[in-house]
Amino acid sequence: MASRDEIRTGLAEILEEIADVAPDDVQDDKAFIDDLDVDSLSMVEVVVAAEEKFNIKIPDDDVQNLRTVGDAVSYIDKAQA
Amino acid sequence: MAVPSIGVVVTGLGATTPLGGDVATTWEGLLAGRSGVRPLTQDWAAQLPVRIAASLAQEPIEKLARVKARRMDRSEQVAVVAAQEAWADAGAPEVDPIRLAVAFGTGIGGALSMLEQDDILETKGVRAVSPRTIPMLMPNGPAAWVGLELGAKGRVSSTVSACASSSESIALALSTCCARAGTT
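Model, not experiment: these values are computed from the prediction.

Caption draft 1: View of the domain arrangement of chain B. Residues and elements named next belong to chain B. Under the domain assignment, chain B is made up of domain 1 (11-58) and domain 2 (60-181). Spacing between the C-alpha centres of domain 1 and domain 2 amounts to 20 Å. Domain 1 puts nine residues into the contact, and the matching count from domain 2 is 12 residues. Among the residues forming the side of domain 1 that touches domain 2, the class breakdown is three nonpolar, five polar and one charged.

Right, here's the structure in full:
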């Protein structure tokens, strides 16, 4: 099971691949859309990639609550448990 | 049909072809009588009775930003690479976006993306299908990307008519100019 740091690093790899986000910018307080400039289509791709990478399911209803990197790290951390 | 009374000036050329990744190399290859036909060595071609084709000499992704390229079908990548060269060749002029139009022909459009996403649908399920599938497979995708890249807001149109697509797109461009000039 991945630690919070490993989850954040994994997310940074996904965000760099899909949306060209610099890994150093992927911090817990950063909002995907407002701060990291990830558009809504890219967000869908990021969610699917995260599901595959961390072997979890993120239902569509939950995606809208994942506003920041910290939200996503916490969600994935809990979903792995 | 009335003969258009406006003149047409070709101000820039762009190409990425089986002979080269730009106009200069393509022209040089033509003058040298080189063939752009080469063997198809990919796995998917192994079952084909004919395994030669005039495939591109240079992969378009070599000339595009990585993330932008992954959002495009190959047909769109090729269109943007050629259009960027033509635009640069024309001196990348400052143009009022409303007066800038794109007419771009394609035989099929994003067939590769359609096939790839269908494979993903079959193997990984519907959630894994890219949300960019439609903009990648639609036949007006190449024209749309060129329009976005150049900031064209006049008119962005595609002709899809097999081998005549490019000829028809030139005719469409001419009729667009004529309509603008009020000659038809």
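Caption draft 2: Broad picture of the environment of A:T68. Residue and element names in this part refer to chain A. In this structure, T68 sits in the loop between α3 (60-63) and α4 (69-80). Using a count of 18 C-beta atoms within 10 Å as the deciding quantity, one classes T68 as partly exposed. Spatially, the C-alpha atom of T68 lies 17 Å from that of A79, the residues being 11 residues apart in sequence. In this structure, T68 is in contact with D28, D29, K30 and A31, ignoring residues within four places of it in sequence.

Caption draft 3: Examining the interface of chain A and chain B more closely. Facing six residues of chain A, the contacting portion of chain B comprises six residues. With four residues, helix α2 (residues 40-54) of chain A is the single largest residue contributor to the side of chain A that touches chain B.

So, how was this worked out
- Residues numbered from 1 in each chain as written.
- Chains lettered and ligands numbered in written order.
- Predicted model: local features only at pLDDT ≥ 70, side-chain atom pairs only at ≥ 80, totals over all residues.
- Domains from an automatic or database assignment.
- Contact = placed C-beta atoms within 7 Å.
- Nonpolar A, V, L, I, M, F, W, Y, C, P; charged D, E, K, R; others polar.
- Helix = DSSP H or I, 4+ residues; strand = E, 2+ residues; numbered from the N terminus.
- Buried ≥ 20, exposed ≤ 12 C-beta atoms within 10 Å, placed from the backbone.

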